[in-house]
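Chain by chain, the residues run as shown.
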Amino acid sequence: MAGIMTIAKKELLDIFSERKFLLIFGTLLIVVLVSTFQGAISYSSSQSTTGMQIRGNMTQLGGSGRAIVIGSAEGLSNTLSSMVTNFSLVGGVLALAISFDTINGERQTGSMKTLLSYPIYRDKIIYGKYLGGLIVVTIVSAITFLAGIGIFVGFSGLPMTGDTVMRLGLFFLISLVYMAIFLGVGLLLSIVMPQPSTSLLASMIVWLASIRLIPNIGYAIAQIMYPVRMTFSGNTSGFSTPQGFDSIRTVISALSPSTTYEQIVNNILTTSRLQFSSGNIATVSISLEQTLQTSAPYIIYFAGLLIAIFAAAYFVFMRQEIR
Amino acid sequence: MSTAIEINGLTKVYGELTAVDHVSYNIQEGEIFGLLGPNGCGKTTTILMLLGLIIPTEGTAIVNGADIVKDPIGARRSVGLLTDNVGLYENLTAKQNLAFFAELSDLKATEASARVDKLLALVGLSEKQNVKVSTMSRGMRQRLGVAQSLVRDPKIMVLDEPTLGIDPEGTKELRGIIKMLSREQGKTIIFTSHLLNEVNRLCDRVAIMKTGKVIAIGTIPELRKQINAAEGDEFEEVFLRYQGVV
């Protein structure tokens, strides 16, 4: 453990002193804070009108207005959605920027030979380097989250109930796993690719595939297999979506860490849903337990993806010869 | 004088290429041993095998009592390496670099701090301890590299092209440090360089390599005698004759 911590500490020093890190971290912070501030303002202004509308509906149904929790429900998911999207975009870039030259950068400067000439097992090097990166993304995420949520709560007046705090905590943890996945991808590419310039390019391709290419491919394949058709009935027209369309699209899109991340976080932050009942709209609360049940397959997949990527990086690194 | 390194039939094959071909020799304790040869002749591969960083295809070596195949970590414990491109962390200062390597060597904090200060003084970089490596001159980096290779006070030092790209003044300084380490501290030094005059001045014995094989080994006067070199011939000429160039 001593060697791992020593390498992790060195990684911290190294990463924090790099300009590229400060630049991307600054961008992430600004983007997240601005989007959270906008979300908080829109949440605050929509709060009273939406609440009144729903209370009115429930009064018609004969229910009690007090029983409906609309504040931390749809509002949390909707108003933090831009923070989620921005975090998925810039957070991925930051994790890749930290890790794309972890190993090949050291090979290029010769420090890998020096490091390996010390009486230290190779696995400690990869664990230490990954741990160092993880500590950095944890610090970055914690600062970004605390600042973002602080602004959101301060400007929106959202009551911090136990449920809200738990959901925000889960949001933070999932965001860490998301960044850890991209950290692992960068690490793997830095091991497989001989030059940092090549692994940087490959990292950007992976990132683009995650945010755009895979979801679009998922849509295209689903459209080919189960075409969505326009239907006409009397004077009205609409789209008929075959049953398999959504399944195929979801399965393919799940290959993208960004899509899966947004899916999990949206599930976690959605605390209620609107439901038709006897011709009226009602808001149904979703408990944290229900949320976890719905998100469990995605979370397990996400954790599996993280382990698989790190395991691939580990095995390739352990078998690589230094020349 | 006892044996520091015992090399027995060391071989490394990459596909069709035999990088090191059944090399066998001993290096004595306290000796400055020169490893010479053109680029790609197998010098660095031999060095990396001695450090257990490359697994030999055949043969083995005993480094300060540790078998490089069975106990590579044990072999590394007694060797300090300085590579041709120095291999330090550019974003860290001189002191941070040495402190990192001291911590990796399992030195206690107080011992590590004292060792780092001592080494910085030894290579004349005490005043530059808080300067980032990225802003240092090639000569300063090379001296810091020597300090790095001494962090765990190894019995054996491997200096792979340590004089590469340094000006004559820096080369002279480095030569002084290497001589001091060998003569005063009794360290065994393996030294590779293309600067044959440096090898001539520094090394007690030399092995000349060609296409993965050791084609000659001995003291410089012995090597000159073997090839019937005239008294006035430069060592460079002797080396080129061994390589079959002249």
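Just so we're clear, the structure is a prediction, and the values are computed from it rather than from any experiment. (Residues numbered from 1 in each chain as written. Chains lettered and ligands numbered in written order. Predicted model: local features only at pLDDT ≥ 70, side-chain atom pairs only at ≥ 80, totals over all residues. Heavy atoms only, no water.)

1. Some remarks on the interface of chain A and chain B
Then, in step 1: Taken together, the contacts link 27 residues of chain A with 31 residues of chain B.
Then, in step 2: Between chain A and chain B, a total of about 2700 Å² is buried, with carbon and sulfur atoms accounting for 60% of that surface.
Then, in step 3: Among the residues of chain A in contact with chain B, Ser117(A), Tyr118(A) and Pro119(A) are the three that bury the most area, contributing 24% of the side total.
Then, in step 4: Taken together, chain A and chain B are joined by two salt bridges.
Then, in step 5: Notably, a salt bridge pairs Lys9(A) with Glu103(B), separated by 2.9 Å at the nearest N-O pair.
Then, in step 6: Across the chain A-chain B interface, the total number found is eleven residue pairs in polar contact (both at pLDDT 80 or more).
Then, in step 7: Counting only elements with at least two residues in the side of chain A that touches chain B, the list comes to helix 1 (2–16), helix 5 (104–109) and helix 6 (111–116) of chain A. (Contact = heavy atoms within 4.5 Å. Buried area = accessible area lost by both parts, 1.4 Å probe. Salt bridge = Lys/Arg side-chain N within 4 Å of Asp/Glu carboxyl O. Polar contact = N/O pair within 3.5 Å; in protein donor to acceptor, adjacent residues only side chain to side chain. Helix = DSSP H or I, 4+ residues; strand = E, 2+ residues; numbered from the N terminus.)

2. Structural notes on the domain arrangement of chain B
All names here are of chain B.
Then, in step 1: Annotation of chain B at the domain level lists domain 1 (1–78 + 154–167 + 176–246) and domain 2 (86–153).
Then, in step 2: A separation of 26 Å is found between the C-alpha centroids of domain 1 and domain 2.
Then, in step 3: Facing 17 residues of domain 1, the contacting portion of domain 2 comprises eleven residues.
Then, in step 4: Interface of domain 1 and domain 2: buried area, both sides summed, is about 1000 Å²; carbon and sulfur atoms make up 64% of it.
Then, in step 5: Among the residues of domain 1 in contact with domain 2, Pro 154, Ile 166 and Ile 177 are the three that bury the most area, contributing 42% of the side total. (Domains from an automatic or database assignment.)

3. A word on unusual backbone geometry
Residues and elements named next belong to chain B.
Then, in step 1: Phi at Val 86 takes a positive value of approximately 70°, unusual for a residue other than glycine.
Then, in step 2: Mapped onto the elements, Val 86 comes out in the loop between strand 6 (79–82) and helix 3 (94–104).
Then, in step 3: According to the relative accessible area criterion, Val 86 is buried, its value standing at 2%.
Then, in step 4: The backbone phi angle of Asp 106 is positive, close to 65°, even though this residue is not glycine.
Then, in step 5: As for its placement among the helices and strands, Asp 106 is situated in the loop between helix 3 and helix 4 (109–122).
Then, in step 6: Exposure remark for Asp 106: the relative accessible area of 63% places this residue in the exposed category. (Buried < 20%, exposed > 50% of the residue type's maximum accessible area, 1.4 Å probe, protein only.)

4. Focus: the sheet that holds strand 4 (residues 58–63) of chain B
All names here are of chain B.
Then, in step 1: The sheet built from four strands is open, its strands ordered 2-1-4-5 with antiparallel pairing. Two strands lie at the open edges of the sheet, namely strand 2 (17–28) and strand 5 (66–67), each paired on one side alone.
Then, in step 2: In the packing of helix 1 (residues 43–50) onto the sheet, the strands contacted are strand 1 (3–14), strand 2 and strand 4, and the crossing angle to strand 1 comes to about 120°. (Pairing = 2+ DSSP bridges. Axes fitted to C-alpha atoms, helices over the stretch in contact; angles between N-to-C directions.)

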